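The chain contents come next:
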Amino acid sequence: MKRLLALALFLAMTLSLVACGAKSDPAPASTLTDSSESAAPELNIDVKDIVFQSGSTGGNWAIVQPAMVTAIEDALPGVTVTGITGKGAANLRAMQAGECDIAFTQGYAYEDAVHGVNDFEADGAMDNVSVICSTAISYMYFVSTASSGVKTVEDIANSNLNCNTAGGGVEIATRRILEAYGITYDDVTQNGGTLNYQGLSDVIGLMQDGHVDVSLVSGMLDNPTTHQMESTFDIEILSFDGDGIQKFVNEYPAFMIDTMPAGIYKGQDTDKIVAAWTGVMCCRKDLSDDVVYAITKALHENADKFAEVVPENAWIGTEKCVTGFDVSNLHPGALRYYQEIGLL
């Protein structure tokens, strides 16, 4: 009897081991294929050089550019990224012509460029520019020298005006804002004033010497350029009061109305109404999807480093980086990355 029980136990154990062995057989080929397909595919990086245009020297875009160049080169081994200064509107024209690959620009300039309207009417609709991401919200406001007596936007009609670099995004905005207030460049010169076309880094000396009375400043509210101005001479921040600013944003909906809190600058005891706009990073549409995917990923994963340099770039790496523009204008490579991480 004991022998029979031992034999039965031996047979049960043997059957159990056979069953376990069956479960450990290699998985079917279809299961392996599914697993390999879920792994990130190797990217085909088909460029050796990338030209990256920012903004004027001393501006936020130029300041953060070196950190972005490093991040992109680290993500694309063997690729050289050359960072050069530029201007928002001019960057779009350079990109359309194939003279640069990625660039910063203003959201309002981008919208005009892809539709071929306003200052881009002569260019025609640009078909080789796509969006990678929004970078941040920026602000625009006029700063005058206190000694000039220019205290309102209307006073600019009788001033020596700095229009900013001709054809750049800030110059375009200067002209459009003044037109909304019923002022043209011709009005300024006919009233005895002068028109200057200098970037912000070059205009401070002209304002100090009395050759320029007022200039539009673009960037962060608490702006280093404006602080440099106030450390050199007494300034006046002009508020966009009256109906002109509403007329402006109605005509150019890429802009918004915002407020500069009191106390940012010396003598600024009241809130000021300012204009706001979204900055975007663009690329050539004919760049390969893999290249733009890698660039977008590098920007997103290094966003904290960019924010340390320029806090106003804090939209990169957040859900806001896919707002402020029509997502149908995203480059397919950027879209692929945002869908992969669940932003879109």
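Above this note sits the structure.
Reference entry: report on the structure contained in this document. Please read these numbers as outputs of a predicted model, since none were measured by experiment. (Residues numbered from 1 in each chain as written. Predicted model: local features only at pLDDT ≥ 70, side-chain atom pairs only at ≥ 80, totals over all residues. Heavy atoms only, no water.)

Okay, the environment of Met-207 next. With respect to the secondary-structure elements, Met-207 resides in helix H8 (residues 200–208). Its relative accessible area of 3% is what places Met-207 among the buried residues. Sequence separation of Met-207 and Met-229 is 22 residues, and the distance between their C-alpha atoms is 8.5 Å. What Met-207 contacts, discounting residues up to four positions off in sequence, is Val-143, Ser-144, Thr-145, Val-212, Asp-213, Val-214, Ser-215, Met-229 and Phe-233. (Helix = DSSP H or I, 4+ residues; strand = E, 2+ residues; numbered from the N terminus. Buried < 20%, exposed > 50% of the residue type's maximum accessible area, 1.4 Å probe, protein only. Contact = heavy atoms within 4.5 Å.)

Moving on, we get to unusual backbone geometry. Here Asn-118, not a glycine, exhibits a phi torsion of approximately 55 degrees, which is positive. Looking at the element boundaries, Asn-118 is found in the loop between helix H5 (107–115) and strand E4 (129–145). The phi torsion at Asn-164 lies on the positive side, around 75 degrees, for a residue other than glycine. With respect to the element layout, Asn-164 can be found in the loop between strand E5 (161–162) and helix H6 (169–180). On the accessibility criterion, Asn-164 (5% relative accessible area) is buried.

Applying the stated rule across the entire model yields 10 salt bridges. Between Glu-171 and Arg-175 there is a salt bridge, and its shortest N-O distance comes to 3.3 Å. Here Glu-171 and its partner Arg-175 are both found in helix H6, four residues apart, which amounts to about one turn of the helix. Glu-301 is the partner of Lys-297 in a salt bridge, and the nearest nitrogen-oxygen pair spans 2.9 Å. Of the two residues, Lys-297 and Glu-301 both sit in helix H11 (residues 289–301), four residues apart, roughly one turn of that helix. Three or more residues joined by partner-sharing salt bridges are found here, namely Asp-112, Asp-119, Glu-171, Arg-175 and Arg-176. (Salt bridge = Lys/Arg side-chain N within 4 Å of Asp/Glu carboxyl O.)

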